[in-house]
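Breakdown of the fold
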Amino acid sequence: MPEILERKGPGGQVDIKPRVSAYQPEQQGLIFPVEPVFSSTAEERLHRKQRLAAACRAFADHGFDYGFAGHLTVRDPEHGELYWTNPMAVHWSKCPI
């Protein structure tokens, strides 16, 4: 059975969630980011695609190359066999959502 972590949300409410990773922090008295909860799959998909675009732009800001130099991916929340990735041969800074 997973450990239970207690966190305070932005409004001060207590949010009790199971611990999902051995790397998840568990120090008392500290507030850590929590995974967002979505009202629909479409909302979660948009969130993931926006984070992918932001990550691509962060790579561009740090001077990474593009094309065959690498790629970033996120899995689709509804169809686990599908994923989103940055387009090949498109510079990191131009990554669409």
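1. Thoughts on the overall build of the protein chain
Of regular secondary structure, the protein chain possesses 1 helix and 4 strands. Secondary structure of the protein chain in N-to-C order comes out as β-β-α-β-β. Out of the 97 residues belonging to the protein chain, those deemed buried represent 19%. Intrachain contacts of the protein chain at a sequence separation of at least 6 include 38% that bridge at least 24 residues. Summing over all exposed atoms, the protein chain offers an accessible surface of approximately 7500 Å²; the carbon and sulfur share of this is 57%.

2. Description of the nonpolar core
Judged by nonpolar contacts, Leu-52, Cys-56, Ala-60, Leu-72, Trp-92 and Cys-95 together constitute the single largest core of 6 residues. Other than its neighbours up to four places away in sequence, Cys-56 contacts Leu-72, Asn-86, Trp-92, Ser-93 and Cys-95.

3. Here we look at the confidence of the model for the protein chain
The share of residues in the protein chain with pLDDT of 70 or more is 66%, and the mean pLDDT across the chain is 77. Segment residues 1-5: pLDDT under 50, and 16 contacts once partners within four positions in sequence are set aside and those in other chains are kept.

4. Some remarks on helix α1 (residues 41-61)
With 21 residues, α1 ought to run about 30 Å at 1.5 Å a step, and its terminal C-alpha atoms sit 30 Å apart, in line with that. The set of residues buried in α1 consists of Arg-45, His-47, Lys-49, Leu-52, Ala-53, Cys-56 and Ala-60. Those residues of α1 hidden inside the fold are in contact with β3 (73-75) and β4 (83-85). Directly after α1, the chain includes Gly-63, whose backbone phi takes a positive value near 80 degrees.

Reading the values: the criteria
- Residues numbered from 1 in each chain as written.
- Predicted model: local features only at pLDDT ≥ 70, side-chain atom pairs only at ≥ 80, totals over all residues.
- Heavy atoms only, no water.
- Helix = DSSP H or I, 4+ residues; strand = E, 2+ residues; numbered from the N terminus.
- Buried < 20%, exposed > 50% of the residue type's maximum accessible area, 1.4 Å probe, protein only.
- Contact = heavy atoms within 4.5 Å.
- Areas by Shrake-Rupley, 256 points an atom, 1.4 Å probe, with all protein chains shown as cover.
- Core = buried A, V, L, I, M, F, W, Y, C linked by side-chain atoms within 4.5 Å.
- pLDDT = per-residue confidence, 0-100.
- Expected span 1.5 Å × (residues − 1).

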